[in-house]
Structures are given as C-alpha cells and as structure tokens.
Amino acid sequence: MSTGTDMAAGQASAIASVALRSDRFRLEREGDWQRLEAIVTRMEKGRLRSLSDEDLLALPGLYRTVASSLSIARETSLDAATLAYLEALVQRAWFVVYGPRSSLWDWLRGFLGGGWSAAVRAMWVDVLVALAVMVAGTLVGWLLVAHDTEWYSALVSPEMAGSRVPGATREALHATLFGQSGRSGMSVFAASLFSNNAQVCILSFALGFALGVPTLLLLVQNTALLGAMLWLYSGKGLLLDFTGWLAIHGTTELFAILLAGAAGLHIGRSMAFPGRRSVLVAAAEAGRRAATVMTGVVLMLILAALLEGFARQLVDHTFGRLAIGGFMLALWCAYFFAFRGNHPRIGKRGRKA
C-alpha cells in the first residue's frame, strides 16, 4: 500500500513541478507575447494606422522572440495549453511579417494595370533583337525552301505537314484553309503548331542563361518553319489566305514567342554585360523582370488557344480572319508600348507611390 501511495505522491510532485516551471516560463515572457498578439490583432483587423512607430519597429524582434519561446516550450515539454497558444500566435505573426501583402485580385489588377507592360518596355532592346531574329528566320526558311525543296521536310516535320507538302495542288491547299469546322485535319496541324510554339516559348526563356545563344537559335528554327509554310502557300497564290488563317491566333501566339525570346535574351545579356553589378545580382534583377513577362506569356498562349479553337472555326473567310488578327496585334502593341497604367513606382521618399 505504501508503494502505491509513494507513486501517487511522486506523480503529483512531478505534475506540480511541470506546472510551476510552465507558469514561471510564461510569466518571464508573457509581456512580449501579449504585445505581439496585440500588434498582430490590430494588423489583422486593418488598423495599421493605429500602431505606433515603436510597435512596427519592434514587430520583427517580437516575432523572433516568440518563435524562440515556442522552440524552448517544445523542447522542455511544457503544458499543452501554452504550446497551442504559442503555435497559433507564431503562425499568425508569420503571415503578418512575411505573408503576402495583397490579395490575388490586387496582384492581378497591378499586373494587368501596368506591371506587365512596364516589364516589357524595360527590355525593349531585347524585344527589338528578338523581332529582328524572327524576321530573319522567316526569310531564311523561305529562301532555303525556294532554293531547294528538300529543305521543307527538314524544317517541317511530317506530323505537322500532313498533306501540306511541295507538289500539293492549289485545291488541296485551299481545302486545308476553309471549310474545316467539321474536319480534324487542320485542327491536328494547329494543335501541333501550338504545342511547338509553347515549347519554343518555354525553352527560349529557360535557356537564356546560356548568354542567350540557344534562345536565338530556337527563334530562328521556329520562324524558319513559318517561312517554309509561307513559301508553300505563296507558290499556289494562297499567301493572303494562309496569312489570314494564321493571323487569328498567330498574332497573339507569335507575339508570345517574341516576348519569351526577349525574356531569355534579357537574362543572357544581363549576365554577359552586368555593368558595375555582379553577375549574380544582374541575373537576379533580370530574372525577376523576365519572370513577370513570362507570366503574361502564359496568359497570351491561353488566349491564343481559345482564338484557335473557336474564332478560327467560326470565321471562315480571309477578311474576317485578318480583321481579328489585326485587331489583336494592334491591341498588344497599344498595351505594351502605349499603355502606361498605374504600376507601382518609387516616390521621392523611397516609398511606393
């Protein structure tokens, strides 16, 4: 009987010791916890202006102090109530100190309202270089196939070409451009072309770190394919019709390729010519700007897919297709090079205006 009594007494003593240690731990640090909780509560309720400068300056230090308290509490196995309180407080404080400052809608409004176009304008040199390379690649593809038709099969894969090959009759090529709403042949070609262009966008950006050389090669290769197709339809007097067929989604899709290539070149150029900055700093700055552009490129590719899947099937005449493609081209040019928006700028006092 005495043994059971001794065990019960020992357990009671241990519980009392833990409780005393937990109370002492809490009393020593509770002031910082309560201050942090008050600051976090005000910020969560949107009452930032009611906070003093001292509280704002103390916020990071208080967060680290409470996080340290939580670590100690876990190691010393303090009572469950204290642990739960500290875990919840640290989680709330983390979102206040390190969490996002705006909602998804706010980010999207800032992105489309000027952030994306500003990032494109900031790399205007790279956009011009990419455009020149794409035009040159189209001419090279045309001239190569015009000189030797064997180049056509080297530039255009059999899966993508299908019946669109040198020697095809005008009627056969004309049939691939019109009256295809209920057929799958041209849809397969369009899907292959879209998939190819999407891969070019991704690779052009991803390989930009190699001083932009792979990006330039990819742009030339992809537009040489376009040049070969233009030559094929031009030889049968269908150049305008093919241009209209391509323009509906092509002005958006090719613009996306242009921006992706420019983003890759921007990173490569920043690494090759960092100026007074270190290579890592220059690459990081260029990477952030290029990532903003590539986010928009993804949106452009999605829009191009929608135009390709619906608008081109519904509009079965060249004039309408050219009108839609021309409108999209004018829209992109106006947005990127004329629209300034109200993206965040740095004010005179170093704060976002």
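Residues numbered from 1 in each chain as written. Predicted model: local features only at pLDDT ≥ 70, side-chain atom pairs only at ≥ 80, totals over all residues. Heavy atoms only, no water.

J.: Explain the overall build of the protein chain here, please?
T.: Counting its regular elements, the protein chain contains 13 helices and zero strands. Evaluated residue by residue, the protein chain yields a buried proportion of 38% over its 353 residues. Intrachain contacts of the protein chain at a sequence separation of at least 6 include 78% that bridge at least 24 residues. (Helix = DSSP H or I, 4+ residues; strand = E, 2+ residues; numbered from the N terminus. Buried < 20%, exposed > 50% of the residue type's maximum accessible area, 1.4 Å probe, protein only. Contact = heavy atoms within 4.5 Å.)

J.: Quick question: what am I supposed to make of a nonpolar patch on the surface here?
T.: Among the surface-exposed residues, Trp124, Val125, Leu128, Val129, Leu131, Val135, Leu139 and Leu143 lie close enough to one another that they form a single nonpolar patch of about 740 Å² accessible area. For leucine 143, the position within the fold is in helix α5 (residues 124-147). Among the residues examined, leucine 143 registers a relative accessible area of 57% and is labelled exposed. (Patch = residues over 30% accessible without salt bridge, like charges linked within 9 Å, V, L, I, M, F, W, Y side chains within 5 Å. Areas by Shrake-Rupley, 256 points an atom, 1.4 Å probe, with all protein chains shown as cover. Salt bridge = Lys/Arg side-chain N within 4 Å of Asp/Glu carboxyl O.)

J.: For this particular structure, what's the right way to read the confidence of the model for the protein chain?
T.: Do not read the predicted coordinates in detail wherever pLDDT is low. On average, the protein chain scores 82 in pLDDT, and the residues at 70 or more come to 84%. The least confident element of the protein chain is helix α1 (residues 2-44), whose mean pLDDT is 68; the most confident is α5, at 96. Under a pLDDT of 50 for its full length, residues 344-353 has, in the predicted model, eight contacts with residues more than four places off or in other chains. (pLDDT = per-residue confidence, 0-100.)

J.: Just checking my understanding: could you explain the packing of helix α4 (residues 104-122) against helix α13 (residues 318-337) for this structure?
T.: Two measures define how a pair of helices packs: the angle their axes make with one another and the distance between the axes. Between α4 and α13, whose axes approach to 8 Å, the crossing angle comes to 85°. When the axis of α4 is compared with that of α13, the two are roughly perpendicular. Taking contact as the criterion, the partners of Phe111, Leu112, Gly114, Trp116, Ser117, Val120 and Arg121 in α4 are, on α13, Trp332, Tyr335, Phe336 and Phe337. When its residues are assigned to classes, the contact of α4 with α13 shows eight nonpolar, two polar and one charged. (Axes fitted to C-alpha atoms, helices over the stretch in contact; angles between N-to-C directions. Parallel < 35°, antiparallel > 145°, perpendicular 65-115°, else oblique. Nonpolar A, V, L, I, M, F, W, Y, C, P; charged D, E, K, R; others polar.)

J.: Could you clarify how one ought to interpret the pattern of salt bridges in this entry?
T.: Any two side chains of opposite charge can pair if their charged atoms end up close together. A full pass over the atoms with the stated rule returns five salt bridges. With a shortest N-O distance of 3.0 Å, arginine 35 and aspartate 55 are connected by a salt bridge. One end of the pair, arginine 35, is in helix α1; the other, aspartate 55, is in helix α2 (residues 53-75), and 20 residues separate them in sequence. The salt bridge involving aspartate 316 is made with arginine 321; its shortest N-O contact spans 3.1 Å. Here aspartate 316 falls in the partly exposed class, since its relative accessible area comes to 36%. Judged by its relative accessible area of 2%, arginine 321 is buried.

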